[in-house]
Amino acid sequence: MTMTCHRSGRRRQAGFTLVELGVSLVLLGLMALAFVAYWRTSAQEKATIADRDLLAVTERAVVGFAHARFRLPCPASDHAGDEDCTGGRQVGFLPWRTLGVADARAGRLLYGAYRAADAAQPWLDMDLAQSKDRLRPSFTVGLPPVLPETPLALNPANANLLDFCYALTLASNAPANAAALGVVDANAAAVRRAVAFTVAAPGLLDADGDRNPFDGRQASASTALPTFDAANRTVAADYDDRVLAVPFNALFAQMQCGQALSAVSHSHVNAATAAVSLQQALINYKRQLEIAELVAGAGVASATAGVLSASAGLATAVAGSANAVAFTILTYGTASAVLAPAVAAVVSNTAAVVASTATLALSIASQVEAKSRVTQVAPLVTDSAALALDIDSDARTADNLGF
């Protein structure tokens, strides 16, 4: 009896231990799941912070490169990080070595640059990864000044930051182009908009499970299909990429393009055009004064002729008066009536001589004044021509120098 009870207690004790062990295993499993979930969330948060910092460093490096080279870097063809500008590549890996980004993780980043070349019309070229003399202000040429049909190229051609800023302006105003770099907004409309450049970091895990570290549109992005997801796409079960997309206007502001581009492409050009117009105006004014001088000379000649004509009339009237006096004497005064008209003729012709003389004096004064004005304006025409050339040269030099 005693042995039986002892064995029964042992069996009960063994069964209780197995239950406890099962409960412990369940608790350990739950704790393991919680730990894994916590680890994954924590790792994702750390990866997100690291990617955000790396993308910020990359953005500064790209902007600095554009300041120094007047273009965006070309995408790299592999993880080595050297830019590859052959074949018009729009999408590739980040050229971290070319940019000088000292972070081993940069080699896994995906990079895209907006490229829409126009070799036939360089002033319309929008290939942001190529340095080119694009800015051609609308300078007037010739006298009278006219705008040429085709923008004038600088000789020699000179590419600088102004040309890059001008390309940003062109691209921001260009119609939609599916063949150039763009992002699709994460909204109901899913609008595609062009951007200057993009950088994408793959998430911690292959969220969509396609064995490609990138998810969403980044997984299929290429030169033939240069489309990324916008930065506002949120993390989901099948998406954990981080995307930096820099619009044209944001890069324009970072490069401080506004003031310099406005001065060179508008203010300087307007000053040069105004100087040429002033030169033409002075030339026209000089010609008008020369015409006035000719008119005054004609007036002098006409007034001289008037004086001579009036003098001849006066002489004729005096002679007629003498004849009338003689005739009156011969007729013993009976023909005295003919004397009055003769005297009147003398008086009227005398008045004509006086008036013609006054007109001649005015005409001579006008001619002298016109000659004086022509003499005064002549050096102004010469100076305005030199001024127009100087301002035009300075305006073109400003384009050459950039900022």
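Undergrad: Which parts of the structure should I look at to understand the pairing of strand β5 (residues 197–201)?
TA: Across a regular strand the side chains alternate sides, sitting on one face of the sheet and then on the other. Of all five residues that make up β5, five are buried, and the element is covered over most of its length. Taking every second residue as pointing to the same face, both faces of β5 are buried, with Phe 197, Val 199 and Ala 201 on one and Thr 198 and Ala 200 on the other. Across four bridges, strand β2 (residues 110–113) lies against β5 in antiparallel orientation. Across the sheet, residue Tyr 111 finds its bridge partner in β5, namely Val 199.

Undergrad: What should I look at first to understand the confidence of the model for the chain in this one?
TA: Any segment with low pLDDT has predicted coordinates that should not be analysed in fine detail. Model confidence for the chain is summarised by a mean pLDDT of 81, while 79% of its residues fall at 70 or above. Element-level pLDDT for the chain is lowest in helix α1 (residues 2–69), with a mean of 71, against a maximum mean of 98 in β2. Across residues 1–5, where pLDDT falls below 50, the model places zero contacts with residues more than four positions away in sequence or in other chains.

Undergrad: Would you explain the pattern of salt bridges in this entry?
TA: As a working rule, side chains carrying opposite charge can pair if their charged atoms are close by. This model, assessed by the stated rule, comprises 13 salt bridges. Between Arg 134 and Asp 125 there is a salt bridge, and its shortest N-O distance comes to 3.0 Å. Per residue, the accessibility class of Arg 134 equals that of Asp 125, and both read buried. In this structure, Lys 286 and Glu 290 form a salt bridge, with 2.5 Å as the shortest nitrogen-oxygen distance. In this pair, Lys 286 and Glu 290 both sit in helix α5 (residues 257–330), four residues apart, roughly one turn of the helix. On the basis of relative accessible area, Glu 290 is assigned to the partly exposed category, the value being 29%. Connected via shared salt-bridge partners are Asp 125, Lys 132 and Arg 134.

Undergrad: Just to check I follow, could you spell out the environment of Cys 165 for this structure?
TA: Inspection of the secondary structure assignment puts Cys 165 in helix α3 (residues 161–173). Residue Cys 165 is classed as buried on the basis of its relative accessible area, which comes to 0%. Linking Cys 165 and Cys 257, residues 92 residues apart in sequence, is a C-alpha distance of 5.7 Å. Once you skip the residues sitting within four places of it in the chain, Cys 165 turns out to touch Phe 252, Cys 257, Leu 261 and Phe 403.

Thresholds, definitions, all that
- Residues numbered from 1 in each chain as written.
- Predicted model: local features only at pLDDT ≥ 70, side-chain atom pairs only at ≥ 80, totals over all residues.
- Heavy atoms only, no water.
- Buried < 20%, exposed > 50% of the residue type's maximum accessible area, 1.4 Å probe, protein only.
- Helix = DSSP H or I, 4+ residues; strand = E, 2+ residues; numbered from the N terminus.
- Pairing = 2+ DSSP bridges.
- pLDDT = per-residue confidence, 0-100.
- Contact = heavy atoms within 4.5 Å.
- Salt bridge = Lys/Arg side-chain N within 4 Å of Asp/Glu carboxyl O.

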